[in-house]
Amino acid sequence: MSLRLKLLSVAAIGLCLTAGAALADTSTAKIALSNNYAGNSWRQAMLKSWEKVTGQAVKEGVVAEASAFTTSENQVTEQAAQIQNLILQGYNAIVINAASPDALNGAVKQACDAGIIVVSFDGIVTEPCAWRIAVDFKQMGAIQLDYLSERMPDGGNLLEIRGLAGVFVDDAIHSGIEAGVAKHSQFKVVGSVHGDWAQEVAQKAVAGILPSLPEVKAVVTQGGDGYGAAQAFKAAGRPTPLIIMGNRQDELAWWKEQKDANGYETMSVSIAPGVSTLAFWVAQQILDGKEVPKDLTVPFLQINQADLEKSLETTEKGGVANVEYSLDDAQKVIVGE
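Cut-offs used in this document
- Residues numbered from 1 in each chain as written.
- Predicted model: local features only at pLDDT ≥ 70, side-chain atom pairs only at ≥ 80, totals over all residues.
- Heavy atoms only, no water.
- Helix = DSSP H or I, 4+ residues; strand = E, 2+ residues; numbered from the N terminus.
- Buried < 20%, exposed > 50% of the residue type's maximum accessible area, 1.4 Å probe, protein only.
- Contact = heavy atoms within 4.5 Å.
- Areas by Shrake-Rupley, 256 points an atom, 1.4 Å probe, with all protein chains shown as cover.
- Lys, Arg positive; Asp, Glu negative; His and termini not counted.
- Charge placed at Lys NZ, Arg CZ, Asp CG, Glu CD.
- Axes fitted to C-alpha atoms, helices over the stretch in contact; angles between N-to-C directions.
- Parallel < 35°, antiparallel > 145°, perpendicular 65-115°, else oblique.
- Pairing = 2+ DSSP bridges.
- Phe/Tyr/Trp six-rings, centres within 6.5 Å; stacked < 30°, edge-to-face > 60°.

Would you mind going over the overall build of the protein with me for this structure?
Within the protein one finds twelve helices and twelve strands. Each principal axis of the C-alpha atoms in the protein carries an extent, and together these give about 90 × 40 × 35 Å. Counting only residues that meet the buried cut, the protein has 52% of its 337 residues in that class. Residue pairs in contact within the protein that sit at least 24 positions apart in sequence constitute 73% of those at least 6 positions apart. Taken as a whole, the protein presents about 14,800 Å² of accessible surface, with 54% of it coming from carbon and sulfur. Averaging the locations of the 26 positively and 38 negatively charged side chains of the protein gives two centres separated by 2 Å.

Below you can see the structure in the form of structure tokens.
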């Protein structure tokens, strides 16, 4: 073989190796979901979406395993121990819905140092080595006040129902509501409770605070709490305020009943539970050698008065209005389409 042919052969081998490195095989990869809480319909729908999409991916040989693990309590120490256990079990990637944005950073850094890809979503982490997928939760809070200002130009008293105390999502939505009240100063928050994004918890919390509150014109929320709030006002014999809903089926069904009965108007907004499936595909793409930005933003899912019936039809009983992501969807999000 001439020197020229030898050089061409070496160059061809180099190109093949480069192409192989750029597109790794993930069929033997193991991806785990670390979830800090499953006590409401949104989390249950999130886990169901994960199981549905990742189960198919395992069946098709895209990855070898995609198991989900949920802590029994919403405790940072428990989730940190869970992540450390997943490191020892040899997972190639860990997808996290985190109990805290920063208190898990030590465990996340241990995973990264062990060569494990970490992708956080919904409840994101701030450790720089991890990836983050979130909606603009602050904006999700702020648009509630924008909507109320259009419906109620004269303003009024508000009751705020928050989510899980100490979780990033709760703090972010709350800050958006605070910003909205500052922008639309005709509104005043006269009471605030934590509903844990669960209608039973929200109903009890609202029932407990109502006797101490003046007239409430509207209720600003975080999701999973609208129906519980409505039941609490009804039980107290107080007029039903305008309640912002959070895309749960029980909320949408109640909204439709009220709309049909008396023309009740509101809006509904939340992050789609299927964002867990986007996090799975993002982790798979990183394992596959793709360049992925550390921070990805997805739109929240908003339901308006005109969309109510259609959204209710496609939301299963006890579930949440949802969007699940495919590999193609994830690739579009990664490149910013």
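Text resumes after the structure shown.
Sorry, what's going on with the packing of helix α3 (residues 76-88) against helix α4 (residues 105-113) here?
For any two helices packed against each other, one specifies the crossing angle of their axes together with the interaxial distance. As a packed pair, α3 and α4 sit with axes 9 Å apart at the nearest point and diverge in direction by 10 degrees. It follows from the interaxial angle that α3 and α4 lie roughly parallel. Facing α3, whose interface residues are Ala80, Ile83, Gln84 and Ile87, α4 presents Ala107, Gln110 and Ala111.

For this particular structure, what's the right way to read the sheet that holds strand β11 (residues 295-297)?
In any sheet, the strands associate via hydrogen bonds between backbone groups, in a parallel or an antiparallel arrangement. Spatial ordering of the open sheet is given by β2-β1-β3-β4-β5-β11, a layout of six strands whose pairing is parallel. The outermost strands of the open sheet, each flanked by one partner alone, are β2 (65-70) and β11. Each strand axis lies, on average, 15 degrees off the axis of its neighbour in the sheet, ignoring direction. Inspection of the sheet shows strand β3 (residues 93-97) paired to strand β4 (residues 117-121) by four bridges, in the parallel sense. Bridging from a neighbouring strand, isoleucine 96 pairs with serine 120 of β4.

Please explain the packing of aromatic side chains as it appears in this structure.
Each aromatic ring pair is characterised by the separation of its centres together with the angle its planes make. Applying the stated criterion across every chain, the model contains five aromatic pairs. Centroid distance tryptophan 50 to phenylalanine 280: 5.6 Å. Interplanar angle 85 degrees. Geometry classified as edge-to-face. In this pair, tryptophan 50 sits in helix α2 (residues 41-59) while phenylalanine 280 sits in helix α10 (residues 275-287), placing the two residues 230 residues apart along the sequence. Look at phenylalanine 280 and you get buried, because its relative accessible area is 0%. A centroid spacing of 6.1 Å and a plane angle of 80 degrees characterise the contact between phenylalanine 69 and tyrosine 91, whose relative ring orientation is edge-to-face. Here phenylalanine 69, found in strand β2, pairs with tyrosine 91, found in the loop between α3 and β3; they are 22 residues apart in sequence, far enough to count as distant.

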